[in-house]
Amino acid sequence: MEISGKTRLLGLIGSPVEHSKSPAMYNYCFEKWKLDYKYLAFDVAKDKTEDAIQAFRTFGMKGANITMPCKQEVLQYLDKISPAAKLVGACNTIVNEDGVLTGYITDGEGYVENLRQEGVEIKGKKITILGAGGVSSAIQAQALLDGAREIAVFNKRDAFWQMAEKKTKEYQTAFPEQKITLFDLDDAERLAEEIKTSDILSNATKVGMHPLEDVSLITDKSLFRKELVVTDVVYDPEKTKLLQEAEAAGCKAIGGLGMLIYQGAAAAKLYTGLDMPVEEIKQKFFAK
């Protein structure tokens, strides 16, 4: 790894970050593209977000990915925010353009591009999304921006419910020609009704990943009809129980690994203007 006096620094900001594959993935791309950039991971607690962004400015960093718990906190310290990041109320990518720090959110872009690569377009479609957390919110925003006809969001009436209601109202106000509704995840009858009229079903919760590998939020397998596209944001395991059962019923099933890589590719494009070699990255860093 060669470092010169002109080397530009990029990094990952959040906590924990020690297991992230982002440094290896981005540094591989920078070497491939012959760019004098280096990418490091910085473990930053939420209450140190302001300090981290000040350091970002001081060191003239080229860009950064932002992960939890800093994705919401960071917005107040930026100069500009993209329309999608403003909608979601979170940022996962910062780009430094001549001292002006602009925040973006690429999670939703990664989701939409993952579907597009599988031959599935969002425009004009109805989507049922399980979960209303940060990833779900990013998917909702990008789906609306890309012309989804209707979104039905299901979440438990837990401590997060009021925030989910607020976000749903904000999205409905921002997109009056499209429909977005929040429902109780425990209302099995309503869930079945919405899935029956949906084109796409997406799990945007952690259900399906360790230690919940043997769990699916969809227990009625009759809801899996062949026309339904079933997606999951979970990428480890590559095929969750939800996807296995959907695929067995004849549905197109799309896992979360592509979303992970494509959101990273979208950030790389913002940093460099170049297209990440997605298949190469998938084989080199994510093949099992």
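J.: Residue-level account of the overall build of the protein chain, with values.
T.: The helix and strand tally for the protein chain stands at 10 helices and 12 strands. Relative to its length of 288 residues, the protein chain is compact, with a C-alpha radius of gyration of 19 Å against a globular reference of 19 Å. Principal axes of the C-alpha set define a box for the protein chain whose edges measure 60 × 40 × 35 Å. Buried positions account for 50% of the 288 residues belonging to the protein chain. In the protein chain, the proportion of contacts linking residues at least 24 apart, taken out of those at least 6 apart, comes to 68%. Only carbon and sulfur atoms are counted for the fraction: they give 51% of the accessible area of the protein chain, which is about 14100 Å². The distance from the centre of the 37 positive side-chain charges to the centre of the 42 negative ones in the protein chain is 3 Å.

J.: Residues and numbers for the side chain of Ser 137, please.
T.: Counting through the fold element by element, Ser 137 comes out in helix α5 (residues 134-145). Not counting the four nearest positions on each side in its chain, Ser 137 is found in contact with Val 88, Lys 167 and Tyr 171.

J.: Any details on the side chain of Thr 205? Residues and values, ideally.
T.: Within the fold, Thr 205 resides in the loop between β10 (200-203) and β11 (229-232). According to the relative accessible area criterion, Thr 205 is buried, its value standing at 19%. For Thr 205, the side chain forms a polar contact with the side chain of Asn 203, separated by 2.7 Å. At a separation of 3.1 Å, a polar atom in the side chain of Thr 205 contacts the main-chain amide nitrogen of Val 207. Aside from chain neighbours lying at most four places away, what touches Thr 205 is Leu 130, Gly 131, Leu 217, Val 233 and Val 234.

J.: So what's going on with the state of the cysteines? Which residues, and what values?
T.: All chains considered together, the criterion is met by zero disulfides. The thiol of Cys 29 is not disulfide-bonded; the next cysteine sulfur, from Cys 91, is found 20 Å away. Here Cys 29 falls in the buried class, since its relative accessible area comes to 0%. Take Cys 70: it sits in no disulfide, and the sulfur closest to it among the cysteines is that of Cys 91, at 10 Å. Exposure remark for Cys 70: the relative accessible area of 0% places this residue in the buried category.

J.: Hey, could you go over the packing of helix α4 (residues 107-117) against α5 for me, with residue numbers and the actual values?
T.: Running from amino to carboxyl end, α4 crosses α5 at an angle of 65°, the nearest separation of the two axes being 7 Å. Seen along the crossing, α4 lies across α5 with a hand that is right-handed. Where α4 approaches α5, its residues Asp 107, Gly 108, Glu 109, Tyr 111 and Val 112 are matched on the opposing element by Ala 138, Ile 139 and Gln 142.

Calculation criteria
- Residues numbered from 1 in each chain as written.
- Predicted model: local features only at pLDDT ≥ 70, side-chain atom pairs only at ≥ 80, totals over all residues.
- Heavy atoms only, no water.
- Helix = DSSP H or I, 4+ residues; strand = E, 2+ residues; numbered from the N terminus.
- Rg over C-alpha atoms; globule rule 2.2 N^0.38 Å.
- Buried < 20%, exposed > 50% of the residue type's maximum accessible area, 1.4 Å probe, protein only.
- Contact = heavy atoms within 4.5 Å.
- Areas by Shrake-Rupley, 256 points an atom, 1.4 Å probe, with all protein chains shown as cover.
- Lys, Arg positive; Asp, Glu negative; His and termini not counted.
- Charge placed at Lys NZ, Arg CZ, Asp CG, Glu CD.
- Polar contact = N/O pair within 3.5 Å; in protein donor to acceptor, adjacent residues only side chain to side chain.
- Disulfide = S-S within 2.5 Å.
- Axes fitted to C-alpha atoms, helices over the stretch in contact; angles between N-to-C directions.
- Left-handed = near helix turned anticlockwise from the far one by under 90°.

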